[in-house]
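The residues making up each chain are set out below.
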Amino acid sequence: MDITLLKTFLEVAATGSFVSASDRLYVTQSAVSLRIQRLEDTLGKPMFTRSKAGAELTNAGREFERYALSIIRVWEEARQQVAIPEGFTRSLTIGAQYSLWPRMGFRWIDGLRETMPDLNIRAELGMPDRLTRFLIEGIMHVGLLYMPQLRPGLVAEQVLEEELVMVASWKNPTMDLGGRYVFVDWGPEFVGAHAQALPELTNPGLTFSLGAMAAEFIVNRQGAAYLPARYVKKYIDAGQLFLVPDAPRFPYPVWAVWRDDMDPEIRKMAEQALHRVTNVAEADGEAVLAQLRDISEDHEVEVLGEPHDHE
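Residues numbered from 1 in each chain as written. Predicted model: local features only at pLDDT ≥ 70, side-chain atom pairs only at ≥ 80, totals over all residues. Heavy atoms only, no water.

Trainee: Can you break down the environment of V167 residue by residue, with the values?
Mentor: Counting through the fold element by element, V167 comes out in strand β7 (residues 163-168). Residue V167 is classed as buried on the basis of its relative accessible area, which comes to 0%. Residues V167 and A229 lie 62 residues apart in sequence; the distance between their C-alpha atoms is 9.2 Å. Here V167 is in contact with I218, G223, A224, A225, L227, V232, L241, F242, L243 and V244, once residues within four sequence places are set aside. (Helix = DSSP H or I, 4+ residues; strand = E, 2+ residues; numbered from the N terminus. Buried < 20%, exposed > 50% of the residue type's maximum accessible area, 1.4 Å probe, protein only. Contact = heavy atoms within 4.5 Å.)

Here it is as structure tokens:
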């Protein structure tokens, strides 16, 4: 059976929409419809009930979903096992959002290579939707995400209490940003808390959905933005970014999402290596927060919003 048809089927099942599935798969809606039609013709039964509200799995579709997941998982395991280079006996694919690679993901790879020299490692980068799809399909074994989407076969564990802090690219910044604020969309929870705390900055005319990539933008311009405390430490130490005194902080925890069918030994070693990395990252973040407290009039800078419970 064509693996592409199965992946398309699972994407439509997950999103409940042919349109959303086409966006995530980077193909046209007609291509998605054609693939589903081919699958239904092969199986001899409709997989979805179509309506203006979207696409809902039929009884046959719900029954087939678990087999589709199993087929894709076995296919990915076989593909990865065949691709293991000579001299390596095991394989692990990890993924992370952009801002979670520096000072976390790269150090995690260092730790894995040190403790498991026979482990072949593949690294993936992407937005949460893409990484989640890779986890579901078995392309990835574990991913580092800010806002995990739990699906059958996945387990999420919070690994770091990240916080977003406001930084600017000029010395001695204040909350009077003079039109130089860049809004970074860190997700609906941050957007809601930010709108309540800083309504005057909610729509500054420039919005980034690129997360910590905004750091590169503001470093080279007169700009200010909310970025992860851990991530900006290197810029602060280098004198490229400066904390804005008295700006509220926003919690933004980091989660590890694991496939629950991982090799137990590899998962145990990977968890231990990740724990060592997060201890260092936590220390980096706390050093930045301590500096923010020192320069703020209110030494206990307000922390706004509550992290979402994904368990």
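Trainee: Any details on a nonpolar patch on the surface? Residues and values, ideally.
Mentor: Residues Y98, L125, L210 and M213 make up a contiguous nonpolar surface patch of about 340 Å² in total accessible area. Assignment of secondary structure puts L210 in the loop between β9 (207-208) and α8 (214-219). (Patch = residues over 30% accessible without salt bridge, like charges linked within 9 Å, V, L, I, M, F, W, Y side chains within 5 Å. Areas by Shrake-Rupley, 256 points an atom, 1.4 Å probe, with all protein chains shown as cover. Salt bridge = Lys/Arg side-chain N within 4 Å of Asp/Glu carboxyl O.)

Trainee: With reference to specific residues and values, describe the sheet that holds strand β13 (residues 254-259).
Mentor: Sheet strands pair by backbone hydrogen bonding; their relative direction is either parallel or antiparallel. Here 5 strands make up an open sheet; going across it, the order is β4-β3-β5-β13-β6 and the pairing mixed. In the strand order of this sheet, the two ends are held by β4 (119-125) and β6 (154-160), each with one partner. For this sheet, the mean inter-axis angle between neighbouring strands, taken without regard to orientation, is 20 degrees. As paired elements, strand β5 (residues 142-145) and β13 share 4 bridges and run antiparallel to each other. Bridge assignment links L145 to a residue of β13, and that residue is W255. Those strands touched by helix α10 (residues 264-295) are β3 (90-96), β4, β5, β6 and β13, and its axis lies near 30 degrees from that of β6. (Pairing = 2+ DSSP bridges. Axes fitted to C-alpha atoms, helices over the stretch in contact; angles between N-to-C directions.)

Trainee: How would you explain helix α5 (residues 101-115) if you had to name every residue and give the values?
Mentor: Under the 1.5 Å per step criterion, the end-to-end length of α5 is 19 Å for 15 residues, consistent within 8% with the ideal 21 Å. All buried positions along α5 are accounted for by W101, P102, R103, M104, G105, W108, I109, G111 and L112. (Expected span 1.5 Å × (residues − 1).)

Trainee: Run through the pairing of strand β1 (residues 48-51), naming residues and quoting values.
Mentor: Summarising the sheet, β1 and strand β2 (residues 54-57) pair through 4 bridges and their orientation is antiparallel. Across the sheet, S51 pairs through a bridge with G54, a residue of β2. In this antiparallel pair of consecutive strands, β1 and β2, the connection spans 2 residues.

Trainee: Lay out unusual backbone geometry in plain terms, naming residues and giving numbers.
Mentor: Not every positive phi belongs to a glycine, and Y26 is a case in point at roughly 60 degrees. Positive phi values are uncommon outside glycine, yet N172 reaches one of about 55 degrees. Along the chain, N172 turns up in the loop between β7 and β8 (183-184). A relative accessible area of 72% means that N172 is categorised as exposed.

Trainee: Break down the packing of helix α9 (residues 229-237) against α10 for me, citing the residues and quoting the values.
Mentor: Axis separation between α9 and α10 bottoms out at 8 Å; the angle between their running directions is 70 degrees. As summarised for this structure, α9 and α10 are arranged roughly perpendicular, according to the angle between their axes. The two elements α9 and α10 meet at a crossing, and its hand is left-handed. Where α9 abuts α10, its residues A229, R230, V232, K233 and I236 lie against A281, D284, G285, A287, V288, L289 and Q291. Considered class by class, the residues forming the contact of α9 with α10 number 7 nonpolar, 2 polar and 3 charged. (Parallel < 35°, antiparallel > 145°, perpendicular 65-115°, else oblique. Left-handed = near helix turned anticlockwise from the far one by under 90°. Nonpolar A, V, L, I, M, F, W, Y, C, P; charged D, E, K, R; others polar.)

Worth remembering: the numbers are spatial, not functional.
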